[in-house]
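Report on the structure
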Amino acid sequence: MERPELDGRGILVVDVDGEFLKESSRLFDDEVATASSLADAQKLLADGEIDLVLLGPSLATESGVRDASFLAEDDSDLAVVVVAGSVNAGLLRAALRAGFVDVMEAPLDPQKITEATGHLQRMAKRRTSQPPPVEPFARPHREAKVVTIMSAKGGSGKTVTATNLAIMLAKAHDPSRVCIVDADLQFGDVCLVLQLEPKLTIVNVAHEIDHLDESLLESVLTKHPSGLSVLAAPLEPAFADEVSTATMTKIVTALRPMFDYIVIDTASMLDEMLLSLLERSDQVLCVVDMDLPSIKNAKLALETLRLLKFPSSKIKLVLNRSNAKARLDEGEIEESLKLKISAAIPSDGMVPASVNEGRPVVESAPRSKVAKGFESVFKLVAGAEGKGSERSGKRRWLS
Ligand SMILES: Nc1ncnc2c1ncn2[C@@H]1O[C@H](COP(=O)(O)OP(=O)(O)OP(=O)(O)O)[C@@H](O)[C@H]1O
Ligand SMILES: [Mg+2]
């Protein structure tokens, strides 16, 4: 195994378990300091030679992290990384609150050590970089524009639309201000389509809903390489019941100030959960496939929304597989649904291929016709209508 590059940095490994200390020292060719208690660690830190502390699994509990929080408090230049036997939301939250820079899963390996030492470079860069100039017209408080993707028939293309849209928003905007929420609680596959393996999901938020805050949400979100944040669906359908409608709406409300755009992928069910998500949305993209059952169901769903007095100005019709062989007349579709087609995505074999590859077409083939189709969806969302603050429909439309 290749020896990690230390670049002369002082590293201290702290753990009660002598075996972990021995194993870690071996990974660093014995060029690290070790301490078997926090008291010993404090003495070693007093010498000022240490830049990075690795807190081992026997201290990696919520209370252990709280006890160790003085490490980062005493020295803001010190990077503390927790190496835990298993990572959970409570531990992540405790580590964030303590000002620690990362939580990783044991066992340590050279790659994880490179990741840990990478934090030192980033901290050094932050110290030397100038503070960003103050934007004279920066809005003091922003709220995300919430865009919900719905369809009245399964398999219409909601998830591919939602994921391609979110990636485009992330690329065109600040990626750290874009989030996709997988609200298809039973069979959500946003992470699959984006080739992500979430450590934590919306279920972990549901379990801690009484402590819902920004740091809890931060710790549960999964990051896509583009910088996009993903709130993953439960890993198994059985866990869907653990996320109630009230929980879901609290989560979306809490996410709003954290992002500029929130894209919500949903299941094809016109149920209480979807209705309450629609109520909190600035824009609703109704995806309709180019076939009769899809159009029939869309008609029924849209009529239901009209009966419920949902503001129709928020709904945009997105026609998927617009060039399908069994081509229907677009004018007839618009007349039947009493809605203009606002964006169209052609049918293309690249879409299922991109799903299998875990790379949305707007990334893998941005110049393709189908990517241009997704771009028309992106323009609907990011175009002239601007961002969340223009929300007019504060009035409840459901009673
Ligand atoms: N424009 C398109 N061209 C070719 N294939 C497409 C297109 N849109 C979607 N598909 C394919 O159709 C399938 C269903 O798409 P997707 O998963 O996005 O639908 P969905 O509405 O999210 O389905 P579900 O209701 O099951 O969640 C996927 O395999 C996808 O690759
Ligand atoms: Mg889907």
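Scroll up to find the structure this text is about.
One structure accompanies this document, and this report is about it. (Residues numbered from 1 in each chain as written. Chains lettered and ligands numbered in written order. Predicted model: local features only at pLDDT ≥ 70, side-chain atom pairs only at ≥ 80, totals over all residues. Heavy atoms only, no water.)

1. A closer look at the overall build of the chain
Across its full length, the chain holds 17 helices and 13 strands. Per-residue burial over the chain gives 52% buried out of 399 residues. For the chain, the exposed surface amounts to about 19300 Å²; the carbon and sulfur share of it is 51%. (Helix = DSSP H or I, 4+ residues; strand = E, 2+ residues; numbered from the N terminus. Buried < 20%, exposed > 50% of the residue type's maximum accessible area, 1.4 Å probe, protein only. Areas by Shrake-Rupley, 256 points an atom, 1.4 Å probe, with all protein chains shown as cover.)

2. A look at the site of ligand 1
Around ligand 1, the structure places 18 residues, and the nearest of them are Lys 158, Thr 159, Val 160, Arg 321 and Pro 346. Backbone polar atom of Ser 156 to an oxygen atom of ligand 1: 3.1 Å apart, as the coordinates give it. Contact between ligand 1 and Pro 346: a nitrogen atom at 2.9 Å from a main-chain N or O atom of the residue. For ligand 1, the accessible surface in isolation is 630 Å², of which the surrounding protein chains cover 79%. If you map ligand 1 onto the pockets, it falls in the second largest pocket. Going through the elements one at a time, α7 (158-172) and α15 (350-357) are the ones with two or more residues in the shell around ligand 1. Residue composition of the shell around ligand 1, by class: six nonpolar, eight polar and four charged. (Near = heavy atom within 4 Å. Polar contact = N/O pair within 3.5 Å; in protein donor to acceptor, adjacent residues only side chain to side chain. 1 Å grid on protein atoms, 1.4 Å probe; cavity = no way out; pocket = protein on both sides within 12 Å on 5 of 7 lines; lining within 4 Å. Sits in = over half its atoms within 2 Å of the grid points. Nonpolar A, V, L, I, M, F, W, Y, C, P; charged D, E, K, R; others polar.)

3. Concerning helix α12 (residues 272-279)
Here α12 lies mainly inside the structure; seven of its eight residues are buried. Those residues of α12 lying buried are Met 273, Leu 274, Leu 275, Ser 276, Leu 277, Leu 278 and Glu 279. Turning to α12, the residues buried within the fold contact β6 (145-150), α11 (245-255), β10 (261-265), β11 (283-289) and α13 (292-307). (Contact = heavy atoms within 4.5 Å.)

4. Focus on the sheet that holds strand β4 (residues 79-84)
Read from one edge to the other, the open sheet built from five strands follows the order β2-β1-β3-β4-β5, with strand pairing classed as parallel. In this open sheet, the two strands that pair with only one neighbour each are β2 (33-35) and β5 (102-105). Between one strand axis and the next, the sheet turns by 20° as a mean value, whatever way the strands run. Note: strand β3 (residues 52-55) against β4, four bridges, orientation parallel. Across the sheet, residue Leu 55 finds its bridge partner in β4, namely Val 82. With respect to the sheet, helix α1 (residues 18-27) is in contact with β1 (11-14), β2 and β4, its orientation differing from that of β1 by roughly 155°. (Pairing = 2+ DSSP bridges. Axes fitted to C-alpha atoms, helices over the stretch in contact; angles between N-to-C directions.)

5. Digging into the environment of Val 318
Inspection of the secondary structure puts Val 318 in strand β12 (residues 315-320). Sequence separation between Val 318 and Thr 161 is 157 residues, and the spatial gap between their C-alpha atoms is 9.2 Å. In this structure, Val 318 is in contact with Leu 285, Cys 286, Val 287, Val 288, Ala 343, Ile 345, Val 377 and Leu 380, ignoring residues within four places of it in sequence.

6. Observations concerning the sheet that holds strand β13 (residues 341-345)
An order of β8-β9-β7-β10-β6-β11-β12-β13 is seen for the eight strands of this open sheet, with the pairing classed as mixed. What marks the edges here is a single partner per strand, and that holds for β8 (222-223) and β13. In this structure, β6 lies alongside β11, joined through four bridges in parallel fashion. Bridged to Ile 149 within β11 is Leu 285. In the packing of α11 onto the sheet, the strands contacted are β6, β7 (178-182), β9 (229-231) and β10, and the crossing angle to β10 comes to about 155°.

7. Quick notes on unusual backbone geometry
That bond from Ala 106 to Pro 107 is cis: its omega, 0°, falls within 30 degrees of zero. Its location among the elements puts Pro 107 in the loop between β5 and α6 (110-128). Unusually for a residue other than glycine, Lys 309 sits at a positive phi of about 65°. Relative to the helices and strands, Lys 309 resides in the loop between α13 and β12. Of note in the backbone geometry, Arg 321 takes a positive phi value of approximately 55° without being a glycine. Relative to the elements of secondary structure, Arg 321 occurs in the loop between β12 and α14 (330-337). A residue is classified by how much of its surface remains accessible, and Arg 321, at 33% relative accessible area, is partly exposed.

8. A closer look at the pattern of salt bridges
Following the criterion strictly, the structure yields 15 salt bridges and no others. Several salt bridges share partner residues, and in doing so they unite Glu 143, Arg 256 and Asp 282 into one network. (Salt bridge = Lys/Arg side-chain N within 4 Å of Asp/Glu carboxyl O.)

9. With respect to the pairing of β6
Side-chain direction in a regular strand flips from residue to residue, so the side chains alternate between the two faces of the sheet. Counting buried residues along β6, six of its six residues qualify, which places the element largely inside the surrounding structure. Going residue by residue along β6, you find Lys 145, Val 147 and Ile 149 tucked away on one face and Val 146, Thr 148 and Met 150 tucked away on the opposite face as well. The pairing of β6 with β10 spans five bridges and is parallel. Across the sheet, residue Val 147 finds its bridge partner in β10, namely Val 263.

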